[in-house]
Number of protein chains: 2
Amino acid sequence: MSIVPQWVRDLKPSGPQGNFLFTKEARKRKHDILAALKSEKVFDKSQNYFSGRVDRFETALARAKKLRHLYLKHGWDEMDRQTANDLTSEPTPYGLHESMFLITLRDQTNDEQKEKYTKPANDYKFIGCYAQTELGHGSNVRGLETTATWNQEDQSFTIHTPYLTAGKWWIGSLGRTANHAIVMAQLIIKGKGYGPHPFIVQIRDLETHEPLPNIHIGDIGPKYGYNTMDNGYLFFNHVKVPHIAMLARFVSIDKETGKYKRPAAAALVYGTMTWVRSHIVLQAGGVLARGVTIATRYATVRRQFQDRDAPQHEKGENQVLNYTMVQIRLLPLLAACFALHFTGKAMMELYEANQNKLKAFVDGGDTGRSAGPEELQASSDMLADLHATSCGLKSIASYTAVEGLEVCRRACGGHGYSSFSGIGTYYADYLPTTHMGKVSNYILTQQVARYLLKSARSKQDSGCAYDVLGNDADIISAFAWRASYLTFEALKHRDVDKRSWNSLLVDFYRLSRSHSQYLMVKNFYNTLQSSQAKNELDPETVGVLHKLFRLFALHTLEQEAKEFYVSSAVTVRQIQLARTTTVMKLLEEIRPHAVRLVDSWDFSDWQMDSSLGRYDGRVCEDMFYRASELNPLNRVTVDPYPDSPVIFKKNESASLKSRL
Amino acid sequence: MSIVPQWVRDLKPSGPQGNFLFTKEARKRKHDILAALKSEKVFDKSQNYFSGRVDRFETALARAKKLRHLYLKHGWDEMDRQTANDLTSEPTPYGLHESMFLITLRDQTNDEQKEKYTKPANDYKFIGCYAQTELGHGSNVRGLETTATWNQEDQSFTIHTPYLTAGKWWIGSLGRTANHAIVMAQLIIKGKGYGPHPFIVQIRDLETHEPLPNIHIGDIGPKYGYNTMDNGYLFFNHVKVPHIAMLARFVSIDKETGKYKRPAAAALVYGTMTWVRSHIVLQAGGVLARGVTIATRYATVRRQFQDRDAPQHEKGENQVLNYTMVQIRLLPLLAACFALHFTGKAMMELYEANQNKLKAFVDGGDTGRSAGPEELQASSDMLADLHATSCGLKSIASYTAVEGLEVCRRACGGHGYSSFSGIGTYYADYLPTTHMGKVSNYILTQQVARYLLKSARSKQDSGCAYDVLGNDADIISAFAWRASYLTFEALKHRDVDKRSWNSLLVDFYRLSRSHSQYLMVKNFYNTLQSSQAKNELDPETVGVLHKLFRLFALHTLEQEAKEFYVSSAVTVRQIQLARTTTVMKLLEEIRPHAVRLVDSWDFSDWQMDSSLGRYDGRVCEDMFYRASELNPLNRVTVDPYPDSPVIFKKNESASLKSRL
């Protein structure tokens, strides 16, 4: 029953729409999952942009349950589950159970704990969260104040929140959903501190779902985004848990003596966070690609201003994507999507390989023997490097995706500000990843510096500035050179000039950034050179991807020109040429492929839920439909005059019945 | 009736809190207005962060009405009204009535129209909006599709929406509130187009508040922010309005002949938008200052990591504001607040002076005579310059404020993401200003270029790079030099190299940016040199402000180093020194004054509604109070298991009674 009169419904948009859209083959599996989701009423998205917090959470939980049913019904695997989550495009209240909680249980429990905790957790009888950050302590794990004190007399731990600032805070899936938590707490044995350790603690009754005695839990309130998730707080008042509660794969306490057994490889306890960071790098490409898809499609539909020399009313307005000012904002981001994706993939492979090796050492594994101390040390060093590198890359990847989404939103003009753009909400939902797993990025830059020093030394005599940047290898070398130069400078400031640590944090940040950008450029290039690329892609696609590689590298080089100059990695003249000639030419060459390139990311309309990014280009129709037909505010007529105490004259909507 | 157990309520934060807070004298008038607002129940902010769209709009309208009552009751002036609006800190449904609508009526009506429209508008009998942008046409006024066709037979206009894309869209205060609209429409007389002109049109019945026949109106739906405002859409189906509807101070149609009389000075019709842009520049400083206040205060309360060389448990964690990595994000923004404020003030003064002069010419005014054509041309040229300059400055001012707010939010760490930070909502509410009044910034850069060419020529022989940057004048000259250089380069590309217009848009953008930054640096400096500053400020304050000036200038110079190098305005060595020595030293010197400097902006806790920016530093207590006591989600207990079809087990909250 429309409230829009017929004459308005008959209006058509003026001018041509969406000429640059091509058809493509849908991936079968994603298509099937999409079909399964769309057939369920609970996944109807039409009220998502209008609902308040409590409603959104309620719906999100119902959807999480349905996803679990579909998972079992269709025999999905983990990849399918992730795909389904991506398609629904909202954080679910099961989110932390299905990631950090299950991963930590898988990686850090011993056999007894697997039987007692991991099994019911896999069956969703135990629903969990990962309680690390505290109200007064975010990034610094060592500063956590929650305590776990060993009681020799009854072989238990007492978990306690000694201060308000020690209350667990921001814990995803905790506020309303979880009945168990992995709690990071300072282990204390006989008055001595052993640093933070993970404990699994039941926090709510399995029948009533009320918090257990002396445990206080709640949702922390609304956030910038992520409001379908019940981020929560958690306070303990001297709560006793049994010996088995301390996750014991790598560390344990002897029941009889209270003796603490040190972890085999200290680096292993950071395993989960390193995995999370690597995953963030991998995902960042897809996150950014979604924004780029919406903005690029809309920039082909949207027209603005005439060609300058054409007489008025004679020519139509120009497609916005034909303006260089729009191209230079969107196309380097399109290139960055690929750079992030390829780099993330390389990181994940490196991580998995290393992790398997370490596990083999610790558990004996396939080798049937334990590792010697030197092997362990080498592998542990490698993990520390990977840890540092992943920090730098995670930081730049999430930064690139977040900033890029905002650029995409703004490139959509005024309509980018509407919820129906599909970018704003997504941006706000993605933002927390820039904070997640942020374990002291600044401190870790020292490890990056050490790592870089090695490679810089080997290049010290290889000459200074390169004459041309025509060659791909020269471009990559320029990135390597700049990172090396910044390493030497930073070390000189620290070791020779004896500058204070605090005064060098800005230098370390830039150093880490330059190293990460070098890795992205290199991984992008290596991927194009790989036999996989050569076997699976046609030469034309490789050609376009190669242009994207060069655009990404040269645009980054130009953005960071200052450091490239200063390090003599390139000359002023080269930078000038890079921008005014090469980058502008690449924009022109990539422009015709832009829509095909964003289509290759294969986002469905249902997934993006965006008026501006519609595949069929029917932007105005969709904006108007949502505003007029779906918008609850339009069911309300107000009395606008200051002298009337009454706000609403009429109250047509069912959803407003509760109003007092 | 708290749902928080006593033992949790008894918990205290650990460690020292807020040692850097100083007392100050509250400004009397603001204090009185604040008291008046706080005593009214309707202004209670406690549920702002939790409410859904319809509730928020309803409350905002009630508040708008109450503000009007208080205005009359206390005999407030326009400044008081603005102050009250700033304190409530949300866009109100009367917002566009009280700005664009009344200003346009004041500036563009003739005497007859003033009697018929302006009087009842001032009395809130007519409540209005300003309907310019259309669904398919944002920034480009010339591209508007709504038509106003002159009917000679009955001396009326027919307002019509010929396409879906021609529907008015994004119009503030229109969706539910306004009963009148100023409609920008293409004027057509006897088949000939005369371009866009403003018409005042009644759109809703004054009794029933329903749309008039053949007019379709609605709210456009939820947005990234600004959700207390009813941005609306508006469609006309051949609606007739009388001759008087066309705003006729500068342009008119002869009733008898249908002859169009040209405006006296074409530039005058841009008057309102130029005023809006100048106002945005002025306000941007205060907007940014609010974010900087929150982030700076929180950075003195928040502690993270120990001093690196101290043994664990021996020293407390360090105040975050003592880290250079935090200082370099916040303190240059603090400096930018002042730069924006001083520049905006200078712009407004220039605008007012010019506007008065022009008005005197057009109306005869105090001079008792009409202006000659040369005087008019000169004044009109000046206005065109002001128009162009205001575009550039508005662009950089809103950009600086918006980007700066995000930097502030992130500098707060994880808690910056909570709604209770008070930054996210404010950021989202402020964002639309980056789109407002965006009449073809790119096109106007040509005018900036022409203006710059003149000043560049006079400096052409004055030498190249400056040897030192110790001197304030040298710094300002470096900014001038860079802008001049970019002007010459751009003109060379266009006139000598014959490059296409499209290929130079990026250059024009940078040119406009460099010119605007020059103006900001210069205005900051001039303000400190003014007799007013010397008379009203003590020497110590001037000294600190001078450091802020240098920080702003040198930090900007370093951020934009590339262009300064390329233009030979400075040397690589100078830039290196600027950052590593001068900027770092300035951070250290300004740090002890940071809290006093943000306090000077005089934001009250009630206004900011921020847990992190509280004057008393009780951050954790406030976060916990809002999360636990005010959060409606915590009144709900869920059934979390996938096999249960039931979402909610209990339903304690009154506000949830409507749930099906």
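Residues numbered from 1 in each chain as written. Chains lettered and ligands numbered in written order. Predicted model: local features only at pLDDT ≥ 70, side-chain atom pairs only at ≥ 80, totals over all residues. Heavy atoms only, no water.

Named according to an unreviewed UniProt entry, chain A is Acyl-coenzyme A oxidase originating from Peltaster fructicola. Database annotation for chain A, UniProt heading Catalytic activity (unreviewed entry): "a 2,3-saturated acyl-CoA + O2 = a (2E)-enoyl-CoA + H2O2". (UniProt positions renumbered as here; feature names shortened; annotations may be inferred.)

Time to look at the packing of helix H15 (residues 539-559) of chain A against helix H17 (residues 572-590) of chain A. All names here are of chain A. Running from N to C, H15 and H17 point in directions that differ by 145°, and their axes come no closer than 10 Å. Where H15 crosses over H17, the two elements pack in a sense that is left-handed. Facing Lys 547, Leu 548, Arg 550, Leu 551, Leu 554, His 555, Leu 557 and Glu 558 of H15, the residues of H17 in contact are Ile 575, Ala 578, Arg 579, Thr 582, Val 583, Leu 586, Leu 587, Glu 589 and Ile 590. Residue classes in the contact of H15 with H17 are distributed as ten nonpolar, two polar and five charged. (Axes fitted to C-alpha atoms, helices over the stretch in contact; angles between N-to-C directions. Helix = DSSP H or I, 4+ residues; strand = E, 2+ residues; numbered from the N terminus. Left-handed = near helix turned anticlockwise from the far one by under 90°. Contact = heavy atoms within 4.5 Å. Nonpolar A, V, L, I, M, F, W, Y, C, P; charged D, E, K, R; others polar.)

Scanning the entire structure with this criterion turns up seven cavities of 30 Å³ or more. Here the largest cavity is characterised by a volume of approximately 940 Å³. Lining the largest cavity we find 38 residues, and of these Tyr224(A), Asn227(A), Lys223(B), Tyr224(B) and Asn227(B) sit closest to its centre. Of all the secondary structure elements, the ones that give two or more residues to the lining of the largest cavity are helix H3 (53-74) and helix H10 (424-430) of chain A together with helix H3 (53-74) and helix H10 (424-430) of chain B. Of the residues in the lining of the largest cavity, the class split is twelve nonpolar, 18 polar and eight charged. (1 Å grid on protein atoms, 1.4 Å probe; cavity = no way out; pocket = protein on both sides within 12 Å on 5 of 7 lines; lining within 4 Å. Points joined across faces, edges and corners; volume = space filled by probe spheres on them.)

All names here are of chain B. At a minimum axis separation of 9 Å, helix H12 (residues 472-496) and helix H13 (residues 505-529) run at an interaxial angle of 160°. Comparing the axis directions of H12 and H13 gives the class roughly antiparallel. Handedness of the crossing formed by H12 with H13: left-handed. On H13, the residues that touch Asp 472, Ile 476, Phe 479, Ala 480, Arg 482, Ala 483, Leu 486, Thr 487, Ala 490 and His 493 of H12 are Asp 507, Phe 508, Arg 510, Leu 511, Ser 514, His 515, Gln 517, Tyr 518, Val 521, Lys 522 and Tyr 525. Of the residues contributing to the contact of H12 with H13, the split by class is eleven nonpolar, five polar and five charged. (Parallel < 35°, antiparallel > 145°, perpendicular 65-115°, else oblique.)

With that out of the way, let us pick up the sheet that holds strand E7 (residues 215-219) of chain A. Reading across from one edge, E4-E8-E7 (chain A) is the order of the three strands in this open sheet, with antiparallel pairing throughout. Of all the strands in the sheet, the pair left with one neighbour each is strand E4 (168-171) and E7 of chain A. Sheet twist, expressed as the average angle between the axes of neighbouring strands with direction ignored, equals 15°. Taken together, the two bridges between E4(A) and strand E8 (residues 232-236) of chain A define a ladder with antiparallel strand orientation. Within E8(A), the residue paired with Ile171(A) across the bridge is Gly232(A). Packing of helix H20 (residues 619-630) of chain B onto the sheet brings it into contact with E4, E7 and E8 of chain A, and relative to E8(A) it is tilted by some 105°. (Pairing = 2+ DSSP bridges.)

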